[in-house]
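# Inside the fold
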Amino acid sequence: MVLDGIPGRVEKNYPLKQLTTWKIGGTAELAYWPRTLRDLRAARQRAAAAKVPVWLVGKGSNLLLPDEGLPGITLVTTQMRSIHWEDCTVRVEAGYPLARLAQEAGERGWSGLEFARGIPGSVGGAVIMNAGAHGGEIASLLERVSALTPDGTIRTFERREIEFGYRSCSLRGKVWIAEACLRFFPGDRAKILHTMQENLKRRSLNQPLEVPNAGSVFRNPPGDSAGRLIEAAGWKGKSIGGAQVSDKHANFIINTGEAKASDVLALIAEIQKDVQQKYGLALQTEIEYLGGNENQATK
Ligand SMILES: Cc1cc2nc3c(=O)[nH]c(=O)nc-3n(C[C@H](O)[C@H](O)[C@H](O)COP(=O)(O)OP(=O)(O)OC[C@H]3O[C@@H](n4cnc5c(N)ncnc54)[C@H](O)[C@@H]3O)c2cc1C
């Protein structure tokens with residue numbers, strides 16, 4: 001087997017449902033949890049030598065995984081979680097939970113990640129998506145990242161070398177982020193922690209956090225909100241199979257129990273068609289369907 005003897009957890013025919021917040025998908029031929037950059041690099045080298053595709057997953061909170069499963073290696077970064085604080089900067093590995101980092105920064109009195117307390121992604125996934133909320137985004141704290149490049153070398157990218165936009169980062173699909181360095185701002189500890197609690201409260205009031213979902217499914221079109229358009233078009237509560245547009249927030253699609261990726265894709269397509277017809281707007285997805293395109297894998 002391609003990963004024989006590699007350090008870290010390896011599972012055959014692993015249920016993809018367990019790797020995403022949507023709890024949807026077939027099985028991974030092989031799932032692998034590297035613990036260090038060295039493991040990550042070794043997996044990449046082995047996969048390249050064996051010409052096996054590799055699919056990179058963080059905390060799976062922005063991903064739809066296919067019913068047919070994923071061939072090759074599904075590489076999950078969540079065991080890469082070392083962290084080093086130095087004054088107001090932190091060096092943190094890609095698999096570290098973003099929300100935990102936000103909480104820890106707040107407890108130290110460092111401001112900047114208040115927006116992130118309710119975002120269930122990893123640090124690596126957050127950089128790649130330029131995760132943001134409540135007017136903040138991770139790009140504004142980032143100093144640099146270390147990443148594994150397609151030729152197997154480890155490179156540092158300074159902030160100025162990376163382009164960020166609304167939920168976009170120029171490194172997406174090009175490198176595997178291993179570590180990020182973030183710089184915080186001095187703040188008032190009590191105020192930072194209070195802001196986080198308020199943000200969390202707002203989320204639990206407005207988002208269907210009690211059921212499996214993947215956050216906002218569509219990007220907001222310039223000057224408008226995808227949720228508002230979908231609600232106005234009458235989609236709240238409508239479903240296809242086990243996928244349902246949330247009653248609480250129309251830009252969330254929930255898994256009512258046994259949703260298939262094909263149900264979610266069909267619902268997305270119907271919403272896009274309807275919103276286009278009614279308002280002349282082409283809604284773009286924010287979530288990513290991994291496995292829908294062979295080019296998303298590293299070979
Ligand atoms: C309830 C809920 C609320 C949410 N709220 C918000 C919000 O307010 N704001 C927001 O921006 N997002 C939000 N999200 C979406 C999601 O949490 C973010 O996009 C998050 O940054 C994704 O991180 P992840 O680790 O889960 O990435 P994944 O979903 O695992 O992966 C997303 C993409 O990043 C790639 N990737 C992951 N790790 C790496 C890495 N180390 N190197 C290179 N590529 C990598 C994957 O291949 C994939 O293409 C929400 C999601 C949920 C479920």
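Structure: see above.
These lines cover the structure that appears in this document, whether it is placed above or below.

Parameters and conventions
- Residues numbered from 1 in each chain as written.
- Predicted model: local features only at pLDDT ≥ 70, side-chain atom pairs only at ≥ 80, totals over all residues.
- Heavy atoms only, no water.
- Pairing = 2+ DSSP bridges.
- Helix = DSSP H or I, 4+ residues; strand = E, 2+ residues; numbered from the N terminus.
- Axes fitted to C-alpha atoms, helices over the stretch in contact; angles between N-to-C directions.
- Contact = heavy atoms within 4.5 Å.
- Salt bridge = Lys/Arg side-chain N within 4 Å of Asp/Glu carboxyl O.
- Buried < 20%, exposed > 50% of the residue type's maximum accessible area, 1.4 Å probe, protein only.
- Core = buried A, V, L, I, M, F, W, Y, C linked by side-chain atoms within 4.5 Å.

### Some details on the sheet that holds strand 5 (residues 70-76)
Read across the sheet, four strands follow the order 1-2-5-3 without closing on themselves; strand pairing throughout is mixed. A strand with exactly one partner marks an edge of an open sheet, and here the two such strands are strand 1 (9-15) and strand 3 (54-57). Taking the axes of each pair of neighbouring strands and ignoring which way they run, one obtains an average angle of 30° across the sheet. With six bridges connecting them, strand 1 and strand 2 (residues 27-33) associate as antiparallel partners. Counted as the bridge partner of V10 is Y32 from strand 2. Its contacts with the sheet put helix 1 (residues 37-50) on strand 2, strand 3 and strand 5, and the angle it makes with strand 5 is roughly 165°.

### As for the pattern of salt bridges
Across all of its chains, the model carries 14 salt bridges by this definition. E288 serves as the salt-bridge partner of R172, at 2.7 Å between the closest nitrogen and oxygen. Here E288 lies in strand 20 (residues 288-289) and R172 lies in the loop between strand 14 (168-169) and strand 15 (176-183), a separation of 116 residues in the sequence. Take R172: its relative accessible area is 28%, and that puts it in the partly exposed class. A salt bridge links K201 to E198; the shortest N-O distance between them is 3.1 Å. Residue K201 and its partner E198 are located together in helix 4 (residues 189-206), separated by three residues, close to a single helical turn. Connected through salt bridges with shared partners, the residues E143, R144, E158 and R183 form a single ionic network.

### A closer look at the nonpolar core
Counting 38 residues, the largest nonpolar core has L101, L113, V145, L182 and F184 as its most contacted members. Counting only elements with at least two residues in this core, the list comes to strand 7 (89-93), helix 2 (98-107), helix 3 (123-129), strand 11 (142-148), strand 15 and helix 4. Among all residues touching L182, those that are not within four sequence positions of it are C88, T89, V90, L101, L113, I138, L141, L142 and E143. Counting 24 residues, the second-largest nonpolar core is a separate cluster that includes W235, V245, A261 and I287.

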